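# Inside the fold
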Amino acid sequence: MRLVTTRSLKENDTLSKPVYHDNGNVLIQAGIPLSQRIINRLIKLGIGYVYIEDEMTKNIKVQNIVSDETRKAAITTIRKEFEEIANHQIIGNSLNTAHLSKNFSKVVESILADIKKSDDVISILSDVYCYDSYIFTHSLNVTIYTIGLAMELKFTEKQLFEIGLGAILHDVGKVLVPKEILEKNGRLTNEEFDIIKEHSRAGYDMLRNAPNISLLTAHCAFQHHERINGSGYPQGITGDKIHLYAKILAIADVFDAVTSNRVYRKAMLPHEALEILYAGAGTLFDKQIVELFSKTIAIYPNGLTVYLSDGRKGVVSRQNKFCGMRPFVLIFEHAGAKISPYEVDLAKEHHVTIIENETRLAVE
Ligand SMILES: [Fe+2]
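These numbers were taken from a predicted model, which means no experiment stands behind them. (Residues numbered from 1 in each chain as written. Predicted model: local features only at pLDDT ≥ 70, side-chain atom pairs only at ≥ 80, totals over all residues.)

Before going further, it helps to examine the overall build of the protein. Within the protein, the secondary structure is distributed over 11 helices and 10 strands. With the C-alpha coordinates aligned to their principal axes, the bounding extent of the protein is approximately 65 × 45 × 40 Å. (Helix = DSSP H or I, 4+ residues; strand = E, 2+ residues; numbered from the N terminus.)

What follows is the structure, given as structure tokens:
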């Protein structure tokens, strides 16, 4: 399968994975030739990239670090719990947080189990979701990246669970921010931004008062917008005053935010998002964690069309664990001429680099 932008889709292309709504229902089926009407719908839904079937790349598989079952259960729990908190707020009832830890613990445990089972790099571009509320998918994706990083940092079981729970609930305070501000299509005023900023402390207050949730888990919500140089919020603390959990979360949070489609801008690909993290390494983000993150994720996801520095062109076919910059590539073109396809391992060909990529071949 091949990763292409929805804008470059042609009539009769077929999706190799369905597009889901965030309530778990299938919006657009896989395997059925697309009509122009459906292509327009995909674009309108704000979906930037999709996987399509393609004869030459039919053996290229897309890694799914978390099973569809786990993903569906996670999204359902996040949606249900977050909506319940929001409703309490609207009605003015006192919030019962007793079930927060119980219900989210189950979800974090299944995500942990799935990630442990896999020995591949993390790639979640493959999960095609369309959402009413970005926050549900975002909370799950951030949890996956965070746990992946925490595992590489050799966290204990207790720590993995603690930070996993902190990650899935890091933005819980956002349920108290009015939707018009949260989903505003355009520049926020200072007042609006101040309201959004309150979500860190609101989440912290909620979690530190909830039974069976550790204070460190609550600090994930409190500190995930703090930055090493003190330019973050709500406290503007620096360096080591920011807990390690929050430093990890900050990276996972920003990475998912820029690689996700939002109404007001298109999603970046992983290597572009990584450039943003590297630009802030040492000032905004912990440098060592950024470096570790770049080894944990699929920088060039399977199915992506790439150009190599020696004039060859191909599609990313497999990943090299701990070497996300240098995946396997199925080469099918050299110096502009089609050649019989063969696979190359970029981890073994140090003289070539990926110089450019695109999500659809210009000439087919
Ligand atoms: Fe946040």
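Domains assigned within the protein are domain 1 (2-52), domain 2 (68-296) and domain 3 (305-358). Relative to domain 2, the C-alpha centre of domain 1 lies at a distance of 27 Å. (Domains from an automatic or database assignment.)

As paired elements, strand S7 (residues 312-318) and strand S8 (residues 328-334) share six bridges and run antiparallel to each other. Residue pairing for S8: Gly-314 is matched across the bridge by Ile-331. Examined bridge by bridge, S8 and strand S9 (residues 337-345) share six bridges and lie antiparallel to one another. Bridge pairing links His-334 to Ala-337 in S9. Hairpin connection of S8 to S9: two residues between the antiparallel strands, including Ala-335 at a positive phi of 50 degrees. (Pairing = 2+ DSSP bridges.)

Moving on: the nonpolar core. Core analysis: the biggest nonpolar cluster contains 85 residues, and Ile-144, Leu-207, Ile-248, Leu-249, Ile-251 and Ala-252 have the highest contact counts within it. Take this core: its biggest share by element is 10 residues, from helix H4 (residues 134-152). Each residue touching Ile-248, except ones within four places of it in the same chain, is listed here: Thr-146, Leu-149, Ala-150, Ile-163 and Ile-289. (Core = buried A, V, L, I, M, F, W, Y, C linked by C-beta atoms within 7 Å. Buried ≥ 20, exposed ≤ 12 C-beta atoms within 10 Å, placed from the backbone. Contact = placed C-beta atoms within 7 Å.)

Moving on to the pairing of S7. As a general feature of sheets, a regular strand has side chains that alternate between the two faces. Burial analysis of S7 places five of its seven residues in the buried class, the great majority of the element. Relative to S7, strand S6 (residues 305-308) runs antiparallel, the two sharing three bridges. Bridged to Thr-305 within S7 is Val-315. Hairpin connection between S6 and S7: a loop of three residues separates the two successive antiparallel strands, and Gly-311 in this loop has a positive phi of roughly 95 degrees.

So, on to the packing of H4 against helix H5 (residues 157-168). Put simply, H4 and H5 touch, their axes get as near as 8 Å, and they point 155 degrees apart. Taken as axis vectors, H4 and H5 run roughly antiparallel relative to one another. Viewed along their axes, H4 and H5 form a crossing whose handedness is right-handed. Facing Ser-139, Val-142, Thr-143, Thr-146, Ile-147, Ala-150 and Met-151 of H4, the residues of H5 in contact are Gln-159, Leu-160, Ile-163, Gly-164, Ala-167 and Ile-168. When its residues are assigned to classes, the contact of H4 with H5 shows eight nonpolar, five polar and no charged. (Axes fitted to C-alpha atoms, helices over the stretch in contact; angles between N-to-C directions. Parallel < 35°, antiparallel > 145°, perpendicular 65-115°, else oblique. Left-handed = near helix turned anticlockwise from the far one by under 90°. Nonpolar A, V, L, I, M, F, W, Y, C, P; charged D, E, K, R; others polar.)

Turning our eyes to something else, we now look at unusual backbone geometry. Cis geometry is adopted by the peptide bond preceding Pro-234, which originates at Tyr-233 and carries an omega value of 5 degrees. Here Pro-234 lies in the loop between helix H8 (215-223) and helix H9 (244-259). You will see that Lys-154, though not glycine, has its phi angle at about 60 degrees, which is positive. Phi at Asn-212 takes a positive value of approximately 65 degrees, unusual for a residue other than glycine. Residue position: Asn-212 is located in the loop between helix H7 (190-208) and H8.

Next up on the list: the environment of Leu-284. Mapping Leu-284 onto the fold places it in the loop between helix H10 (270-279) and helix H11 (287-296). We classify Leu-284 as partly exposed; it has 19 C-beta atoms within 10 Å. Taking C-alpha positions, Leu-284 is 23 Å from Ala-298, a pair spaced 14 residues apart along the chain.

The subject of this paragraph is H9. Taking 1.5 Å per residue, 16 residues should reach 22 Å; H9 reaches 23 Å between its end C-alpha atoms and fits that length. In terms of residue burial, H9 counts as a mostly covered element, since 12 of its 16 residues are buried. Within the sequence span of H9, burial applies to Tyr-245, Ala-246, Lys-247, Ile-248, Leu-249, Ala-250, Ile-251, Ala-252, Asp-253, Phe-255, Asp-256 and Thr-259. Buried positions along H9 lie against H4, H5, H8, H10 and H11. (Expected span 1.5 Å × (residues − 1).)

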